[in-house]
Amino acid sequence: MFVFQRHRYILAAFIFLLIPWASYSDQPAATSSDEELVTYRLLIVGDSLSAAYGLKQHQGWVSLLQNTWRSDNVPIDVINAAISGETTDGALARLPRLLEQHNPSHVLIELGGNDGLQGHPVGKMKANLSKMITMAENAGATVLLQDMQIPTNYGKRYTQMFTDAFENVAEQHDVPLLPFFLEKIALKAELMQRDGIHPNAEAQPQIAELMNERLRPLIISTEPLISE
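Below is a short write-up of the structure. Numbers given for residues are sequential positions, taken from 1 along each chain in its written order. With pLDDT at 70 or above as the cut-off, local features in this predicted model cover only qualifying residues; side-chain atom pairs require 80 or more to be listed or tallied, and sums for whole chains, interfaces and linings still use all residues. Note that water and hydrogens are dropped before the side-chain values are worked out from all heavy atoms of the structure.

1. Quick word on the overall build of the protein
The condition is simple: By definition, any uninterrupted DSSP run of H or I lasting at least four residues is a helix, any uninterrupted run of E lasting at least two residues is a strand, and each is numbered from the N terminus. Relative accessible area decides the class of each residue, using a 1.4 Å probe on protein chains only: under 20% of the type maximum gives buried, over 50% gives exposed, and in between gives partly exposed. The contact criterion used throughout is that any non-hydrogen atoms of two residues lie within 4.5 Å. Per-residue accessibility takes into account occlusion by the displayed protein chains alone, with areas from the Shrake-Rupley method and a 1.4 Å probe.
When its secondary structure is counted, the protein shows seven helices and five strands. Taken from N to C terminus, the helices and strands of the protein fall in the order α-β-α-β-α-β-α-α-β-α-β-α. Considering the protein as a whole, with its 228 residues, one finds that 53% of them fall into the buried category. In the protein, once contacts between residues fewer than 6 apart in sequence are set aside, the share between residues at least 24 apart is 83%. In the form shown here, the protein has an accessible surface area of approximately 10,200 Å², with 52% of it arising from carbon and sulfur atoms.

2. Considerations on the pattern of salt bridges
Two side chains carrying opposite charge are able to pair once their charged atoms lie near each other. Going by this rule: For this document, the term salt bridge refers to a Lys or Arg side-chain nitrogen within 4 Å of an Asp or Glu carboxyl oxygen.
Using the criterion set out here, one finds four salt bridges in the structure. Its salt-bridge partner being Asp89, residue Lys124 comes within 3.1 Å of it at the nearest N-O pair. Linking Lys124 in helix H5 (residues 122-138) with Asp89 in helix H3 (residues 88-102), this pair joins segments that are 35 residues apart in sequence. Accessibility expressed as a relative area gives 42% for Lys124, which makes it partly exposed.

3. Digging into the side chain of Gln204
Along the chain, Gln204 turns up in helix H7 (residues 203-220). Overall, the relative accessible area of 5% leaves Gln204 in the buried class. Setting aside residues up to four positions removed in sequence, Gln204 forms contacts with Leu55, Gln59, Gly60, Trp61, Leu64 and Pro199.

4. Details of the pairing of strand E4 (residues 142-146)
The line we're drawing: The rule for pairing is simple: two strands pair if DSSP sees at least two bridges between them.
In terms of burial, E4 is largely enclosed, as four of its five residues are buried. Bridge count between strand E3 (residues 106-110) and E4: four bridges; the pairing is parallel. If you follow His106 over to E4, its bridge partner there is Thr142. Relative to strand E5 (residues 177-178), E4 runs parallel, the two sharing two bridges. Directly across from Leu145, in E5, lies its bridge partner Leu177.

5. Remarks on the packing of helix H2 (residues 61-71) against H7
This is how it is decided: Each axis is a line fitted through C-alpha atoms, taken for helices only over the stretch in contact, and angles between the N-to-C directions span 0 to 180 degrees. Throughout this description, any angle smaller than 35 degrees is read as roughly parallel, any larger than 145 degrees as roughly antiparallel, any in the 65 to 115 degree range as roughly perpendicular, and the remainder as oblique. In a left-handed crossing the near helix is turned counterclockwise from the far helix by less than a right angle, and in a right-handed crossing that turn is clockwise. For this classification, the nonpolar set comprises Ala, Val, Leu, Ile, Met, Phe, Trp, Tyr, Cys and Pro, the charged set comprises Asp, Glu, Lys and Arg, and every other residue, Gly included, is treated as polar.
Running from amino to carboxyl end, H2 crosses H7 at an angle of 55°, the nearest separation of the two axes being 9 Å. In terms of their interaxial angle, H2 and H7 are classed as oblique. Here the hand of the crossing between H2 and H7 comes out right-handed. Of the residues in H7, those touching H2 at Trp61, Leu64, Leu65, Thr68 and Trp69 are Gln204, Pro205, Ile207, Ala208, Met211, Asn212, Leu215, Arg216 and Ile219. Split by residue class, the contact of H2 with H7 holds ten nonpolar, three polar and one charged.

6. Focus on the sheet that holds strand E2 (residues 76-80)
Spatially, the five strands line up as an open sheet ordered E2-E1-E3-E4-E5, and their pairing is parallel. Since the sheet does not close on itself, it has two edges, and those belong to E2 and E5, each with one partner.

7. Focus: the side chain of Asn200
Stated precisely, the cut-off is as follows: Polar contact criterion, stated in full: a pair of N or O atoms within 3.5 Å, where within protein one must be able to donate a hydrogen and the other to accept it, and residues adjacent in sequence count only if both atoms are side-chain atoms.
Note that Asn200 resides in the loop between E5 and H7. Within polar-contact distance, the side chain of Asn200 engages the backbone nitrogen of Glu202 at 3.0 Å. Reaching out from Asn200, the side chain makes a polar contact with the backbone nitrogen of Ala203 at a distance of 3.0 Å. Beyond its immediate sequence surroundings of up to four residues, Asn200 is in contact with Leu55, Glu190, Leu191, Met192 and Gln193.

8. Looking at H2
Listing the buried residues of H2 in full gives Trp61, Val62, Ser63, Leu65, Gln66 and Trp69. The inward-facing, buried residues of H2 contact strand E1 (40-46), E2, E3 and H7. Just downstream of H2, Asn73 is the residue with a positive phi angle, here 60°.

9. Comments concerning empty space enclosed by the protein
For clarity, the threshold we go by: Two kinds of site are reported from a 1 Å grid over the protein atoms alone, namely cavities, where a 1.4 Å probe fits but cannot get out, and pockets, open sets with protein on both sides within 12 Å along at least five of seven lines, and residues are called lining when an atom falls within 4 Å of a point. Grid points are joined across faces, edges and corners, and a volume is the space filled by probe spheres set on the points.
All told, the structure shown has one cavity of 30 Å³ or more when counted by the stated rule. Reported here for the largest cavity is a volume of approximately 80 Å³. Of the residues belonging to the lining of the largest cavity, the class tally is nine nonpolar, three polar and no charged.

10. Some details on the environment of His58
Note on placement: His58 falls in the loop between E1 and H2. Its relative accessible area of 52% is what places His58 among the exposed residues. Non-local contacts of His58, meaning those with residues more than four positions away in its chain, are made with Ser63 and Leu64.

This is the structure:
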């Protein structure tokens, strides 16, 4: 686990997650020219950190990651179902439709930040994450869990419980836990938008590169969705 440092950009990076923006797309970030060639399909269920907030969709790290995989002939299609302001409650309610609609081979759960900022019980958040993992696995998908962090000024006890929650859930369900992807970026003002809150366009390629390094080997090492 990364130690989350106090810093105004770190704090700001999470404040915006509370804003209930409803802009998102659960369509593929890039459309395959031949559906039969799709080997893996990654569904990203997340919040503003994956929803390209303040940017055009093609500038966000999810779209950039899909473009990288296309260029490298990596047979993974991405469906971005992230919504700014999303909580584990909301995502749990949406997940059945998403699974039925997209039939993903993999699901990346990037959630929990809003639960923490709103002071939701950690036990409830863990239960929601567990239900989502079980639901996705029952639908035949492999689940990847994204670690999340909150500012330390939420109190030592609550912050530690929140931090431990993701490792506990990952261990309970034996799923990969990806390190928090904004741990370094949020510390750099030049990678944030003018409001000092949102990662800017310059930050997105760095996030995409990091996620490519982490996600690609995890996905292509598993059973394909469609045999070529």
